[in-house]
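Letter by letter, the chains look like this.
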Amino acid sequence: MTGTRPLPLVSVVTPFFNTAPYLAECIESVLAQDYDNFEYILADNCSTDDSLAIARQYAERDPRIRVVSHTDFIDQDANYNRALSYISPSSRYVKIAQADDTLMRHCLMELVALAEVHPSAGIVSCCFLTGDALAGHGLPFDRNFFSGREACRTRLLTGGTYFGSPTCLLYRADIVRARPSFFGANESNADTTACFEILSSSDFARVPQILCRLRRGNPSVSDALRRHGAASFLNYALVERFGPVFLDEAELVKRRKMLRDIYLRLLARAVPVRNNGPFWQFHREALATLGQSLPRVAIGWRFLDYVLQKILNPRQSIELAVQALRESESEKRSIG
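A quick note: this is a predicted structure, and the numbers were derived from the prediction, not measured.

As a further point, take the packing of helix 7 (residues 190-199) against helix 9 (residues 230-246). Viewed as axis vectors pointing N to C, helix 7 and helix 9 meet at an angle of 10°, and their least axial separation amounts to 11 Å. In terms of axis orientation, helix 7 runs roughly parallel to helix 9. Across from Thr192, Thr193, Phe196 and Glu197 in helix 7, the residues of helix 9 making contact are Leu238, Arg241, Phe242 and Phe246.

This is the structure:
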């Protein structure tokens, strides 16, 4: 990437819907990159605030920006897939910059440089900030290249945040073009699922530098997932789907048993707290994607065990009641 060799074209894509408070900061972080050869696609999903106007104002000032607006509103994963369909046929890499996140100045340069060194890597990741917390860990930092199998096995067996979110990743454009539905429909963890599918036939690289920041605290889909306690389900779902591919039989049995128990205990603890519909609807629908139903008996047994522990500890019982009240008020506000 030095001398007269041309820089490969990168398609940067920002799908957005009603992100006016954050969109300008995201756009400016992309335009401030020290990597010159990129196009920037801003794809509106029928925003009703000033988001589209903001995007068009930047497009008027920078020829690298192309704004695409639509008249039909679709869900988030479909919106991302639609936005990815607009990438240039000559781009070598694709970078999603989610509308409420920002890229560090060297983000594109560092990600592309590592991708060029490792042409078998279908995905290149980086370290990142989520709010003020450092993330991107889980794999050794003494090297920056891993087989796809190693990256997936490590995620299933010990966890890790190196798959991050789409803002943290650089994809090879030919892989994006080969997946018209890049993010699967009705997936509560479509971005991570895409990583596992891609890495089943390619390798993985990670830049050990902080190259982007994910915003937290805004009313995003990921924040809604956290309110529903989705992390335990997502870990369980990944082992159910990809454990048979990347783990041996003994590893799969052990990991599946442990993650299922963690997930069911989370549901059991929610019984006295989550007394309205959205929480349980989320988990019913999430389990349905695995061909499973809500295991009421198993949850019930774990709930009884949970109650027994609380009875034996009166202080925790009081804390549980306070938590239930807070959760109830919080969910009323989010629904209202």
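Now, onward.
This next bit is on the side chain of Arg255. With respect to the helices and strands, the residue Arg255 is situated in helix 10 (residues 249-270). Nearest to the buried, unbridged Arg255 among oppositely charged side chains is Glu251, at 9.8 Å. Look past the residues within four positions of Arg255 in its chain and what remains in contact with it is Leu156, Leu157, Thr158, Gly159, Val239 and Leu247.

So, on to the pairing of strand 4 (residues 93-96). Residues Tyr93 and Lys95 point to one face of strand 4 and Val94 and Ile96 to the other, with burial holding for every one of them. Examined bridge by bridge, strand 1 (residues 10-16) and strand 4 share four bridges and lie parallel to one another. Of the residues in strand 4, the one forming a bridge with Val13 is Ile96. Note: strand 4 against strand 9 (residues 170-172), three bridges, orientation antiparallel. By the bridge assignment, Lys95 is partnered in strand 9 with Leu170.

Take the packing of helix 9 against helix 11 (residues 277-288) next. Between helix 9 and helix 11, the shortest axis-to-axis distance is 11 Å and the interhelical angle comes to 10°. On the basis of their axis angle, the class for helix 9 and helix 11 is roughly parallel. Across the interface between the two elements, Ala230, Phe233 and Tyr236 from helix 9 touch Phe282, His283, Ala286 and Leu287 from helix 11. Considering only residue class, the contact of helix 9 with helix 11 consists of six nonpolar, one polar and no charged.

Judged by side-chain polarity, Val297, Trp301 and Leu304 come together as a nonpolar surface patch covering roughly 380 Å² of accessible area. Inspection of the secondary structure puts Trp301 in helix 12 (residues 296-311).

Let us now look at the pairing of strand 3 (residues 65-68). In terms of strand pairing, strand 2 (residues 38-44) meets strand 3 through four bridges, oriented parallel. Bridge pairing in strand 3 links Leu42 to Val67. The parallel pair strand 2 and strand 3, bridged by helix 2 (residues 51-61), forms a crossover whose chirality is right-handed.

According to the stated counting rule, one finds 13 aromatic pairs in the structure shown. Among the aromatic residues, those joined into a ring-pair cluster are Tyr162, Phe163, Phe196, Phe204, Phe242 and Phe246. The ring of Phe182 has Arg179 lying over it, and the distance from NZ or CZ to the ring centre is 5.1 Å. The lysine or arginine in question, Arg206, covers the ring of Phe141, its NZ or CZ lying 4.0 Å from the ring centre.

Parameters and conventions
Residues numbered from 1 in each chain as written. Predicted model: local features only at pLDDT ≥ 70, side-chain atom pairs only at ≥ 80, totals over all residues. Heavy atoms only, no water. Axes fitted to C-alpha atoms, helices over the stretch in contact; angles between N-to-C directions. Helix = DSSP H or I, 4+ residues; strand = E, 2+ residues; numbered from the N terminus. Parallel < 35°, antiparallel > 145°, perpendicular 65-115°, else oblique. Contact = heavy atoms within 4.5 Å. Buried < 20%, exposed > 50% of the residue type's maximum accessible area, 1.4 Å probe, protein only. Lys, Arg positive; Asp, Glu negative; His and termini not counted. Salt bridge = Lys/Arg side-chain N within 4 Å of Asp/Glu carboxyl O. Pairing = 2+ DSSP bridges. Nonpolar A, V, L, I, M, F, W, Y, C, P; charged D, E, K, R; others polar. Patch = residues over 30% accessible without salt bridge, like charges linked within 9 Å, V, L, I, M, F, W, Y side chains within 5 Å. Areas by Shrake-Rupley, 256 points an atom, 1.4 Å probe, with all protein chains shown as cover. Right-handed = clockwise from strand over helix to strand, strands pointing away. Phe/Tyr/Trp six-rings, centres within 6.5 Å; stacked < 30°, edge-to-face > 60°. Lys NZ or Arg CZ within 6 Å of the ring centre and 35° of its normal.

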